[in-house]
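Listed below are the residues making up each chain.
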Amino acid sequence: MKLLAVLPLWALFTVTQQKAPSDDCRCELISSEKQFPYDKLKAAQDAALGCTNTITPKKSAALDSLLLGLSRRLPQLEQDVAMLEKEDDGQLFGVLSLHVIENELAEIQQMIDKLNRTTTESDHLSENVAQQLENVKEEMEELEKFDTMQVVKRQQANQRLKRDLDQCRNNEVIPTIQPAQPIGGTCRLVNITGPRVHTAGEYPGSYKYGAWGRDPKPEPGKESWHWRVMLTSSNRYAHYVRLYSSLSSLIVGISVPGNVQIHPSNPTTNTIQGPNVVLYAGALYYNCYNKDAVCRFNLTSKGVTSLDLPKGTRYNSKGDFCHLEECYPFTDLDLATDESGVWVVYTTTQDHGNLVLSKVEESEPPKLSRTWRTSVYKRSVTNTFMACGVLYATRFVSKNTEEIFYSFDTMTGKENFKVGIFINKVSSDILSLNYSPVDQMLHVYSDAQMLSYKVLFQMR
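Residues numbered from 1 in each chain as written. Predicted model: local features only at pLDDT ≥ 70, side-chain atom pairs only at ≥ 80, totals over all residues. Heavy atoms only, no water.

**Points about unusual backbone geometry**
Definition in use: The helix count covers DSSP runs of H or I at least four residues long, the strand count covers runs of E at least two residues long, and both are numbered beginning at the N terminus.
With an omega of 15°, the peptide bond between Gly194 and Pro195 qualifies as cis. With respect to the helices and strands, Pro195 occurs in strand β4 (residues 187–199). Cis rather than trans, the peptide bond between Asn266 and Pro267 has omega equal to -5°. Tracing the chain through its elements places Pro267 in the loop between β9 (257–261) and β10 (272–273). Backbone geometry places Ser234, a non-glycine residue, at a positive phi of 60°. Even without glycine at this site, Asn316 takes up a positive phi of about 55°. Considering the arrangement of structural elements, one finds Asn316 in the loop between β14 (304–308) and β15 (321–322).

**Quick look at the sheet that holds strand β18 (residues 341–346)**
Rules: Between any two strands, at least two bridges found by DSSP are needed for them to pair. Fitted lines through C-alpha atoms serve as axes, helices being fitted only where they are in contact, and the angles separating the N-to-C directions of these axes extend from 0 to 180 degrees.
Strand order in the open sheet formed by four strands is β17-β18-β19-β20, and the pairing between neighbours is antiparallel. In the strand order of this sheet, the two ends are held by β17 (334–338) and β20 (367–377), each with one partner. On average, adjacent strands in this sheet sit at an angle of 25° to one another, irrespective of strand direction. As judged from the six bridges shared by strand β19 (residues 354–361) and β20, these two strands associate in the antiparallel manner. Among the inter-strand pairings, Glu361 is bridged to a residue of β20, identified as Lys367.

**Digging into the sheet that holds strand β6 (residues 226–230)**
If you walk across this open sheet you meet the four strands as β5-β6-β8-β9, and the pairing is antiparallel. The sheet terminates laterally at β5 (210–214) and β9, the two strands that pair on one side only. Between one strand and the next, the sheet's axes are offset by a mean angle of 20°, whatever the strand orientation. Bridge count between strand β8 (residues 240–244) and β9: five bridges; the pairing is antiparallel. Among the inter-strand pairings, Tyr244 is bridged to a residue of β9, identified as Pro257.

What follows is the structure, encoded as structure tokens:
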């Protein structure tokens, strides 16, 4: 006797139980789902592979080769024709030259014909491949209907999520790593592009002199902060630094956390004199008021320590940056930062007005470690900055252009008076210039406007 029973199994299968006369049980599973069309999947895979094999780098290279050949042969033909017109003697030389030109024309015509054929073939090929890809896309969309467990959809969602996450990571501010030691001689500045940023902040047209930028060695949680110092008294003095939580906040003029005051009155002992200031490791470095010294103001403790420069250092506008038409007042000392820390540029009486460069150590109190002397006259320079252990100097070319004309490599001691890199200005005078190794930008303060330029290097 045969017993036949049908039972539901997970709503997907039909179970048929048959009992043989020998008391053996046999279960037959019958799927309620459609059978997966493996032949269609194989056909789609073959079509995709065919598209990949159809358009090859070799075919693209053949087209490029023809174009390159024509671009070289045509100018040569023009030269030969010009030579014939100039030196034709009406005799043997002219006949031979004309014969050479005829041969060149024939070869160029062959190249043009081949290029036309290749271009036509490429057009047809592109049309066919596009249609094949559209067919493959339709086939894959049909096959996805068999994905009842939605594995493919989940994979696609995961890919989208991963792509969004990668984009988010690329856009977020990366915490600053401990700056490396100077790498002078290993990278060379090759160009300046921009400006990338151009803003007047919250005081358009006010405070012509000042500086702005980023801290190359910020405290944790302050990696995206920017700062600005405006000479609020006679275009010469300042007594606070203004902080912004991000570049966008600086652009729209929202100062949070706001001003950090060095002293309530201005000017007075240990307040800021001149526009050439920098922020490094949570401390502001600047020319102390009425002194040939560098002041360091700690933004957290509000304490000020100072570093006296060598005897004979010129200050109080006796060693300014200049060009032919004017000098920038109280620019005797220029503070700069790069990958290795803080530097100070100045001049002394015994150096006859030439630029002197010293490294500032982060000790307590700060001190000078090593000093380099150059042969460039400070009053022929409009500004300086450090990058990669190399000192760069600029000069005024016109109201629209500034030139980086000089460099001094602290690793080799070599000077270069022919750097020849130009900066496109939006205003006549660049009053502060400093390099940020965090994002390889050059921060410029120009007649109350703040700009940044991208610095491009070539590694050696």
